[in-house]
Amino acid sequence: MRRGVTRDVTRRAMGVAAAGLVAAGLGAGLALAQGKSPLVGPPAAPPGSGKPAPSAPAPAPLPDKFSGAPPATPAPPAIVPDKFAAPPPGSAPAPQAGGTAPGGPEAGKLQPDASQPPAPQAGGAAPGVPQTGKPQPDPSQPPAPQAGGATPGGPQTGKPQPDASQPPVPQAGGAAPGGPQTGKPRPDASQPPAPQAGGTAPGGPQTGKRQPDASQPPAPRAAAPLPADAPDAVRRLHAMLGAEVSLTYREAIPPAEAGGPTRLAGVTLSRGDARVEVEEMLLEGVAEDRVGRLVATGLTLAGSPPAMLGRLTLEGFRLRRPAPGVSLAPGDLGLDRLVLEALAVQGEIPVSLEELRLEGWAEGRPGRFSLAGLDVLTPTAGVVDRVRLGRLALDGYDLPAILQAAIDRRPPPTPANAVAMELDDLAVSLGGQRLGGLGSFRLSADAPDAGVQAGRLALRDITLGEIPAMTPWMRRFGATEIQGEIVLEARLEPAAERLDLTSFTIAARGIGGLGLSVQMDGVNPDPARMAENAERLRLLGARLSYLDQSLYARLLADQARRQRVPEARLREQYANMAAQALGPEGRGALAPSLEAAQRFLRGQAQEVELVLRPPGPVPLTEMQAITAQGPAAVQQRLGLLVTAR
């Protein structure tokens, strides 16, 4: 009875392993060979080996920019002042629309000299002095009586004044002062008010006039016009931004020669509640739908959350205006280069970025994107509260097409040229304790050559620290940190519908490594059709290997300690279980495979390898039925062979 149960468990395990092996190879190989996600890096092992790669040194710790003194590094290109703090005493107010500061002199008008006495006003009087030519009253004399016989502040003479001791005389119309007038009906307060002229009740909308629709957003307010002496470059930039965008500045220096740069100071751009303030701006080559060069320094972006930017550089910007009623698409914009330096975003999730660079943004052309020095604080996330990234770079991708695909919620197009993506120095932490990191990430895909697509993936120096969910398991096996790497290389031949997962390795330093290689045909590179054609997939060959450095020994030591038995006895028990699982079949064609497996289980070998070499292509739809027939059928139909070293 025990032998039958063990045999059934073994068969099921072999079926699950074979299916998982094929599925992992198929999915990873397709994604990598087509370069759907960009990067470059050498494989850890020679092609076709499927063995773990040697480990790389651990990454150097990243400096903490939010606590402690910063490392001795070169100063950033632009220094950003703290514009979120209160302004210092005596600081000048911000400029108003039209280029004039509040309370300051208006541009183009001479202002009086405060050091000279005030000039006399029209009429011969200086400001604050009575005008000449008119007699001034003597404050020592009582005021003269006014016309009509009344003194200032007293009753007028020549008119009988009412006697305050007598009751008031009724006014014309039969109403006493303060009382209701006779001859007019009083409105009943219990009834609704009568409609006013025009058919509208008090407080209601008037008829004959269109009322605004509260469900529609208010129309954008027209921006303030530019000053009459605004330089041509400023007028062209304002026309490109749109009439609803307000552009003001404190000072403008026109170009010294034709085609030269225009310089602005104290620039403010606003649209509705959004506002951007710029300390200095340089404009060059501005036309109706293009900007040759724009450099802005000391930017403050008001809003929620607020942000500051040290410098913005824009070169070769082009705008293709869509047809009326058509939204602006990513491909309607083009630029040669965009650089953002020293970005700081405040709010609940503070973000700092040393540099962001975008080059070659054009529809149908490969471009480049990179960022450096990203630092994000996430105090409310709970799992991690800080993420740092040294560098991220994309090269060779059609960036407008990728953005358009994201907007349309569809897969990005397959690149027609070589592409690459690189990432360096990623670290996550919680409460100042590092939870994990990644030294480098490289992903690349070659340009299709004679119908063959090839790609590579390498994740180096993967580090897992004391993650709360894994800490009990890691301490149980005596590990405080896990370091490892993942390397993958694949080739795809769409015409032949063949996928070759040359090498896929997962290695943990000092623990062990797993290697896999798979060959298949009937592979359709179109993700939308792969599910429909799953019955056409066939296995040509596969290799699975495991190199143990301490994991098996740690598992045995933990089990021996809990069961209070020697480790050697446990090793022998596992070797006997393998023989019982195969039964009589283990003495036939499977004898070499059984012997290799027992050597590994007894600790006499460190590496075990399982190879599938079927005499002909095997449809994946038949894999489950083959494994259910037992180890002998697997060995015969799939060419199973196990070796140990």
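Nothing here was measured: the structure is a model prediction, and the numbers come from that model.

Scoring rules and cut-offs
Sequence order as written defines residue numbering, which begins from 1 separately in each chain. The model is predicted, so local features are restricted to residues of pLDDT at least 70 and side-chain atom pairs to those at 80 or more, both for listing and for counting; the totals for chains, interfaces and linings are taken over all residues. By convention in this description, side-chain values take in all heavy atoms of the structure and omit both hydrogens and water. We count a stretch as a helix when DSSP gives it H or I for four or more residues in a row; a strand needs E for two or more, and each element gets its number in order from the N terminus. The contact rule is simple, with two residues in contact once any of their heavy atoms fall within 4.5 Å. Exposure was quantified through the Shrake-Rupley algorithm and a 1.4 Å probe, taking into account, for residues, occlusion by the shown protein chains and nothing else. Exposed residues in this analysis have more than 50% of their type's maximum accessible area, buried residues have under 20%, and partly exposed residues fall in between, with area computed by a 1.4 Å probe over protein chains only. What makes two strands pair is DSSP finding at least two bridges between them. Note on aromatic contacts: the rings of Phe and Tyr and the six-membered ring of Trp form a pair at centre separations within 6.5 Å, being stacked when their planes are under 30 degrees apart, edge-to-face when over 60 apart, and tilted otherwise. A side-chain nitrogen of Lys or Arg and a carboxyl oxygen of Asp or Glu constitute a salt bridge if their distance falls within 4 Å. The set of buried Ala, Val, Leu, Ile, Met, Phe, Trp, Tyr and Cys residues whose side-chain atoms join them within 4.5 Å is what this entry labels a nonpolar core. Only the contacting stretch of a helix is used when fitting its axis, a line to C-alpha atoms as for every element, and angles between N-to-C directions run 0 to 180 degrees. Roughly parallel means an angle under 35 degrees; roughly antiparallel means over 145; roughly perpendicular covers 65 to 115; every other angle is labelled oblique. Crossings are assigned a handedness: left-handed for a near helix turned anticlockwise from the far helix by less than a right angle, right-handed for a clockwise turn. For this classification, Asp, Glu, Lys and Arg are treated as charged, while Ala, Val, Leu, Ile, Met, Phe, Trp, Tyr, Cys and Pro are nonpolar and the rest, including Gly, are polar. pLDDT expresses how confident the predictor is about each individual residue, on a scale running from 0 to 100.

Colleague: Mind laying out the overall build of the chain, listing which residues take part and the relevant values?
Modeller: Helix and strand counts for the chain stand at ten helices and 20 strands. The long-range share in the chain, meaning contacts at least 24 apart out of those at least 6 apart in sequence, stands at 54%. Counting every atom, the chain has about 37,700 Å² of accessible surface; 58% of that belongs to carbon and sulfur.

Colleague: So, unusual backbone geometry: which residues are in play, and what are the values?
Modeller: Of the consecutive residues serine 304 and proline 305, the connecting peptide bond is found in the cis state with omega at 0 degrees. With respect to the helices, strands and loops of the structure, proline 305 is situated in the loop between strand E5 (290–302) and strand E6 (307–319). Look at arginine 409: it is not a glycine, yet its phi comes out positive at around 60 degrees. Tracing the sequence through the fold places arginine 409 in the loop between helix H3 (399–408) and strand E11 (419–430). Residue arginine 409 is classed as exposed on the basis of its relative accessible area, which comes to 80%. Unlike most non-glycine residues, arginine 564 shows phi in positive territory, near 60 degrees. Mapped onto the elements of the fold, arginine 564 is located in the loop between helix H6 (551–563) and helix H7 (567–582). A residue is classified by how much of its surface remains accessible, and arginine 564, at 79% relative accessible area, is exposed.

Colleague: Now, about the pairing of E11: what can you tell me, with residues and values included?
Modeller: Here nine bridges tie strand E10 (residues 386–397) to E11, and the two strands are oriented antiparallel to one another. Looking at E11, one finds that aspartate 395 is bridged to alanine 420. When E11 meets strand E12 (residues 433–445), the two strands line up antiparallel, connected through eleven bridges. Following the sheet pairing, leucine 430 is matched in E12 by glutamine 433. With antiparallel pairing between neighbouring strands as the criterion, E11 and E12 make up a hairpin whose turn holds two residues, including glycine 431 at a positive phi of roughly 60 degrees.

Colleague: Hey, could you go over the packing of aromatic side chains for me, with residue numbers and the actual values?
Modeller: Considering all chains together, one arrives at two aromatic pairs under this definition. Summarising the aromatic geometry, the rings of tyrosine 546 and phenylalanine 600 are spaced 6.2 Å apart at their centres and angled 80 degrees between planes, so their arrangement reads as edge-to-face. Of this pair, tyrosine 546 sits in strand E17 (residues 538–548) while phenylalanine 600 is found in helix H8 (residues 591–601), placing the two residues 54 residues apart along the sequence. Each member of the pair, tyrosine 546 together with phenylalanine 600, is buried. Site record: aromatic cluster; members linked through ring pairs are Tyr546, Tyr552 and Phe600.

Colleague: Can you explain the pattern of salt bridges? Please cite residues and give values.
Modeller: This structure, assessed with the given rule, holds 29 salt bridges. The closest approach of N and O atoms between arginine 311 and glutamate 341, which form a salt bridge, is 3.7 Å. In this pair, arginine 311 is assigned in strand E6 and glutamate 341 in strand E7 (residues 333–345), connecting sequence segments 30 residues apart. Its salt-bridge partner being aspartate 461, residue arginine 509 comes within 3.5 Å of it at the nearest N-O pair. With a gap of 48 residues between them, arginine 509 in the loop between strand E15 (498–508) and strand E16 (512–521) and aspartate 461 in strand E13 (residues 453–464) connect regions that are remote in the sequence. Relative accessible area serves as the criterion here: at 11%, aspartate 461 is assigned to the buried category. Several salt bridges converge on common partners, so that one network encompasses Glu355, Arg357, Glu359 and Arg368.

Colleague: A description of the nonpolar core should follow, citing residues and the corresponding values.
Modeller: Soluble globular proteins tend to bury their nonpolar side chains together. Counting 81 residues, the largest nonpolar core has Met281, Leu283, Leu294, Leu312 and Phe441 as its most contacted members. The element that contributes the greatest number of residues to this core is E6, accounting for five residues. Ignoring any residue separated from it by four or fewer positions in sequence, one finds leucine 294 in contact with Met281, Leu282, Leu283, Leu312, Thr313 and Leu314. With five residues, the next largest nonpolar core counts Met474, Ala479, Ile482 and Ile511 among its residues.

Colleague: Quick rundown of the packing of H7 against H8? Include the residues and the values.
Modeller: The geometry of H7 relative to H8 is characterised by a closest axis approach of 8 Å and an angle of 160 degrees between their N-to-C directions. Overall, the two elements H7 and H8 adopt an arrangement that is roughly antiparallel. In this structure, H7 crosses over H8, and the sense of that crossing is right-handed. Along its contact with H7, which presents Arg571, Tyr574, Ala575, Ala578, Ala579 and Leu582, the element H8 presents Leu594, Gln598 and Leu601. In terms of residue class, the contact of H7 with H8 is made up of seven nonpolar, one polar and one charged.

Colleague: With reference to specific residues and values, describe H3.
Modeller: One turn of the α-helix equals 3.6 residues, which is why residues spaced by three or four share an orientation. The set of residues buried in H3 consists of Leu399, Pro400, Ala401 and Ala405. One or two positions beyond H3, positive phi appears at arginine 409, with a value near 60 degrees.

Colleague: Requested: an account of the pairing of strand E3 (residues 262–271), with residues and values cited.
Modeller: As paired elements, strand E1 (residues 246–248) and E3 share three bridges and run antiparallel to each other. Paired with serine 246 across the strands is serine 270, a residue of E3. In this sheet, E3 lies alongside strand E2 (residues 251–253) in antiparallel orientation, the contact comprising three bridges. Residue pairing across strands places glutamate 251 opposite alanine 265, the latter belonging to E3. Sheet topology places E3 next to strand E4 (residues 274–287); nine bridges connect them, and they run antiparallel. For valine 267, the partnering residue across the bridge sits in E4 and is valine 278.

Colleague: Any chance you could break down the confidence of the model for the chain for me, citing the residues and the numbers?
Modeller: The pLDDT averaged across the chain works out to 75; a share of 65% of its residues lies at or above 70. In the predicted structure, residues 37–137 sits below a pLDDT of 50 and forms 159 contacts with residues beyond four places in sequence or in another chain. Taken as a whole, residues 192–209 scores under 50 in pLDDT and shows 13 contacts with residues more than four places along the chain or in a different chain.

Colleague: With reference to specific residues and values, describe the environment of proline 631.
Modeller: With respect to the helices, strands and loops of the structure, proline 631 is situated in helix H10 (residues 631–638). Residue classification places proline 631 among the buried residues on the basis of a relative accessible area of 2%. C-alpha of proline 631 to C-alpha of glycine 586: the two residues are 45 residues apart in sequence and 8.7 Å apart in space.

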